[in-house]
Amino acid sequence: MNMIQALNSAMDVMMQRDDNVVVFGEDVGYFGGVFRVTAGLQKKYGQTRVFDTPIAEGGILGTAIGMGAYGLRPVVEVQFADYIYPAFDQLVSEAARLRYRSAGEFWAPLVVRTPCGGGIFGGQTHSQSPEGIFTHVCGLKTVMPSNPYDAKGLLIAAIEDDDPVVFFEPKRLYNGPFDGHHDRPLKAWSSHPTSDVPEGHYRIELGKASIVRPGNDVTVLCYGTMVHVCLAAAEEAGIDAEIIDLRTLLPVDVDTIEASVKRTGRCVIVHEATRTGGYGAELSAIVQEHCFWHLQAPIERVTGWDTPYPHALEWEYFPGPARVTAALKRAMEVA
């Protein structure tokens with residue numbers, strides 16, 4: 001399966017298992033979603049369980065919160081992560097706070113799926129990575145997979161979770177792994193081991209990172225598309241880097257991060273979102289707090305720039321292998 005098929009399979013499996021699971025959002029029904037992630041679900045489960053909504057993200061999330069409070073498990077799609085901001089108040093003030101302010105009497109088991117990231121020449125309004133904003137909100141869980149196998153297992157776990165989950169899907173990975181070399185032929189998931197996705201139910205626990213490349217010299221913390229960029233960079237640099245795919249940003253797997261950095265003594269953090277206030281700053285603080293006496297070099301960060309995502313200068317903004325390789329070499333220069 002590619003990532004689109006894996007995500008579709010996750011929703012299909014959960015809709016078969018639980019009649020309370022409903023799917024809705026902009027164009028997710030008859031059209032099957034702008035990226036076809038919900039294709040075929042309305043035909044299979046009917047218009048009462050898979051349906052289209054107006055272009056009103058605040059209304060979509062408000063409806064989902066009410067459904068969740070009354071026992072349903074809504075899976076809603078915001079067509080692009082760039083359009084999630086109108087729903088921000090509903091997510092932060094209502095969904096994330098419902099369990100706390102009702103003293104556990106009510107909760108909102110909902111999932112917000114949304115495609116994120118660049119690399120498709122989507123410009124400033126179709127390329128954003130706002131995950132860091134949501135990791136600041138207690139009461140929300142934040143997830144971003146990097147491959148089809150994880151995407152299905154994590155989405156199933158998110159749907160089964162009793163708290164609201166914001167599930168970011170790197171759109172550049174929908175049809176194949178992308179290592180940041182835009183000038184090379186595209187690759188399909190069919191040749192990648194993580195495309196071997198079981199048809200049935202399985203779950204990947206939220207809050208557990210994955211070591212996708214063991215190594216001894218430097219720890220690389222990344223997620224989403226940047227996992228593949230970092231793998232390419234480490235290979236090209238010839239550095240024995242341990243690459244950790246965080247998968248879940250909140251809750252984050254501090255134990256895996258700590259164990260790796262204490263062993264390697266070096267850390268490079270990579271994400272596509274803008275630098276200032278980005279999630280990499282939180283990761284840097286975690287490493288500093290837990291691993292200070294083990295660090296042999298300053299923590300390096302490779303990120304997007306503090307600008308809107310530029311259309312004409314896509315690859316100057318995108319944190320590609322060259323920038324990651326340079327950061328790996330800087331981390332290794334300090335004895």
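Before reading further, recall that the structure is shown in the block above.
I will try to describe carefully the structure that is included in this document. (Residues numbered from 1 in each chain as written. Predicted model: local features only at pLDDT ≥ 70, side-chain atom pairs only at ≥ 80, totals over all residues. Heavy atoms only, no water.)

### Thoughts on the sheet that holds strand E11 (residues 267–274)
Defined as follows: Any two strands are treated as partners once DSSP identifies two or more bridges connecting them. The helix count covers DSSP runs of H or I at least four residues long, the strand count covers runs of E at least two residues long, and both are numbered beginning at the N terminus. Working convention: axes come from line fits to C-alpha atoms, limited for helices to the stretch in contact. Angles between N-to-C directions cover 0 to 180 degrees. The contact rule is simple, with two residues in contact once any of their heavy atoms fall within 4.5 Å.
Spatial strand order, E7-E9-E8-E11-E12: 5 strands in an open sheet with mixed pairing. Since the sheet does not close on itself, it has two edges, and those belong to strand E7 (210–213) and strand E12 (300–304), each with one partner. Taken over all neighbouring pairs, the strand axes of this sheet differ in orientation by 25° on average, direction set aside. In terms of strand pairing, E11 meets E12 through 4 bridges, oriented parallel. Residue Val270 lies in a different strand from E12, and its bridge partner there is Val302. Where helix H10 (residues 279–291) meets the sheet, it contacts strand E8 (218–222), E11 and E12, and its direction lies at approximately 160° from that of E11.

### Some thoughts on the pairing of strand E4 (residues 111–116)
For clarity, the threshold we go by: Exposed residues in this analysis have more than 50% of their type's maximum accessible area, buried residues have under 20%, and partly exposed residues fall in between, with area computed by a 1.4 Å probe over protein chains only.
Taking burial as the measure, the 6 residues of E4 include 6 buried ones, the bulk of the element. By the alternation rule, side chains of E4 split into Val111, Arg113 and Pro115 and Val112, Thr114 and Cys116, which are all buried. Here 3 bridges tie strand E3 (residues 73–77) to E4, and the two strands are oriented parallel to one another. Paired with Val76 across the strands is Val112, a residue of E4.

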